[in-house]
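Here are the chains, one letter per residue:
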Amino acid sequence: MRHLDELSDEELADLYEYPGNGESAVVRTNFVSTLDGSATGDDGRSGSINDDADHRVFEALRALCDTVVIGAGTARDEGYGRLRTPDAWADVREAHGLAEHPLLILVSRSLDLPEKVLDAAPGAGGLMVLTTEDADPGAVSALGALLGPHNVLRAGRGSVDLVSATEELAGRGLRRLLCEGGPQLMNDLCRADLVDELCLSLAPLLVGGHGPRVAAGAPLRTRMRLAHALRSDGSLLTRWTRA
Ligand SMILES: NC(=O)c1ccc[n+]([C@@H]2O[C@H](COP(=O)([O-])OP(=O)(O)OC[C@H]3O[C@@H](n4cnc5c(N)ncnc54)[C@H](OP(=O)(O)O)[C@@H]3O)[C@@H](O)[C@H]2O)c1
């Protein structure tokens, strides 16, 4: 098994190149989990269970995507703001024909979204919101006024119809999707049979408690197969693809 430190950033980018024909969307998901299956540490966030090795792969995955998709719970709990590409990954994005910064997409029914992520940030990527057709009309039009109507996408009733939303994104040229969580959105993506890849970092920790697993919600059964594993001095970096 190769050690992460043996790979340059370019080699890491080659290893995690998006598969596919460039026409349909590819949904890659990325999570960190402790050895006892928790997606969070005792502070209820993932930042307390990841390490430098996980962070390096996290940045490589961002460098290769058109858009980072997250559930609103993750935006609220993890304090997301607009996305900025670190200088070290700018050339990789350019070489892959990607925009300077990834677009951030939030999935929400309630449209209870934190100010921090709604605020446009100079020199950072844009924001799109995926919500339902029965979302509060006042909140939808306020968001449309803030972000531009084409950046508020509605699909499905009750829950976002992730299949048609993904098709719409692909039609707009947003095909390399990276879902950074959280567990409820992951569950819904699995149930919609949309998860093409899971990049899972196993943190060398057991934390007990009642933290969520990387997929949380109604039971499901999604079989994956190991594509590769990289060792590091801390986390084990694995990549699983659709079986
Ligand atoms: N270990 C990791 O790698 C990792 C990664 C991400 C998050 N996390 C952790 O996970 C926790 C958050 O968990 P979570 O399950 O709340 O996260 P989540 O899936 O990001 O958020 C759930 C919320 O997202 C929206 N949502 C998800 N699927 C939807 C759908 N199909 N249609 C419409 N809305 C949908 C809803 O937002 P509204 O409530 O606005 O309607 C829902 O309440 C935090 O502790 C975070 O730190 C860990």
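Per chain, residue numbering runs from 1 following the sequence as it is written. Totals for whole chains, interfaces and linings use all residues, but because this is a predicted model, local features are given only for residues with pLDDT of at least 70 and pairs of side-chain atoms are given and counted only at 80 or more.

Here we take up the overall build of the protein chain. Only DSSP runs of H or I with at least four residues qualify as helices, and only runs of E with at least two residues qualify as strands; both kinds are numbered from the N terminus onward. Secondary structure assignment for the protein chain yields eight helices and nine strands. Atoms considered for the radius of gyration are the C-alpha atoms alone. The globule rule reads 2.2 Å times the number of residues to the power 0.38. Radius of gyration (C-alpha) of the protein chain: 17 Å, near the 18 Å computed for a compact globule of 243 residues. Counting only C-alpha atoms and orienting by the principal axes, one finds that the protein chain spans roughly 50 × 40 × 35 Å. Relative to all contacts within the protein chain whose residues are 6 or more apart in sequence, the contacts with residues 24 or more apart total 73%. Note that contacts rest on C-beta atoms placed from the backbone: two residues are in contact if these are within 7 Å.

Think of it this way: take the backbone, place a C-beta atom on it, and check whether that atom is within 6 Å of the molecule or strand, in which case the residue is near it. Close to the ligand lie 31 residues; Gly71, Ala72, Gly73, Gly181 and Gly182 are nearest. For the shell around the ligand, the elements supplying multiple residues, two or more each, are β1 (26-34), β2 (67-71), α3 (72-78) and α8 (183-191). Looking at which element gives the most residues to the shell around the ligand, the answer is α3, with five residues.

Once that is clear, we can look at the nonpolar core. Ranked by internal contacts, the top residues of the largest apolar core, which has 59 residues, are Ile105, Leu106, Leu177, Cys179 and Leu189. Cys179 has contacts with Val27, Thr29, Val69, Ile70, Leu185, Met186 and Leu189, leaving out every residue within four places of it along the chain. We define a nonpolar core as a collection of buried residues of the types Ala, Val, Leu, Ile, Met, Phe, Trp, Tyr and Cys that are connected via C-beta atoms lying within 7 Å of each other. Exposure is read from a count of other C-beta atoms within 10 Å of each residue's own; the residue is exposed at 12 or fewer, buried at 20 or more and partly exposed in between. C-beta atoms are placed from the backbone.

Every buried residue belonging to helix α7 (residues 162-171) is among Leu162, Ala165, Thr166 and Leu169, and all of these are buried. Projected onto a plane normal to the axis of α7, the buried residues spread over an arc of 100° and lie on a single side. Looking at the packing, one finds that the buried side of α7 touches β1, β4 (127-131), β5 (152-154), β6 (176-179) and α8. The first or second residue beyond α7 is Gly173, which carries a positive phi of 85°. This arc is taken over the directions from the axis of the helix to the C-beta atoms.

All right, on to the pairing of β2 then. Counting buried residues in β2 gives five out of five residues, a clear majority hidden from the surface. Alternating positions in β2 separate into two faces, Thr67, Val69 and Gly71 on one and Val68 and Ile70 on the other, with burial throughout. DSSP bridges decide pairing: two strands pair if at least two such bridges lie between them. Of the pairings in the sheet, the one linking β2 to strand β3 (residues 103-107) comprises five bridges and is parallel in character. Each bridged residue has a counterpart across the sheet, and for Val69 the counterpart in β3 is Ile105. Two elements, β2 and β6, share three bridges in a ladder whose sense is parallel. Note on β6: the bridge partner recorded for Val68 is Leu178.

This part takes up the pairing of β3. In terms of residue burial, β3 counts as a mostly covered element, since five of its five residues are buried. Here β3 shows two buried faces, one formed by Leu103, Ile105 and Val107 and the other by Leu104 and Leu106. Where β3 lies against β4, four bridges are found, and the strand directions are parallel. For Leu104, the partnering residue across the bridge sits in β4 and is Leu127.

To continue, consider the sheet that holds β6. The strand order β5-β4-β3-β2-β6-β1-β7-β9-β8 describes an open sheet built from nine strands, whose pairing is mixed. In this open sheet, the two edge strands, each paired with only one partner strand, are β5 and β8 (224-230). Adjacent strand axes in the sheet meet at a mean angle of 25°, parallel and antiparallel pairs treated alike. Judged from the six bridges that link them, β8 and strand β9 (residues 236-242) form a sheet pairing that is antiparallel. Along β9, the bridge assignment pairs His228 with Arg239. Orientation is described by axes fitted as lines to C-alpha atoms, over the contacting stretch for helices, and by angles from 0 to 180 degrees between their N-to-C directions. Packing of helix α2 (residues 52-63) onto the sheet brings it into contact with β1, β2, β6, β7 (197-203) and β9, and relative to β7 it is tilted by some 160°.

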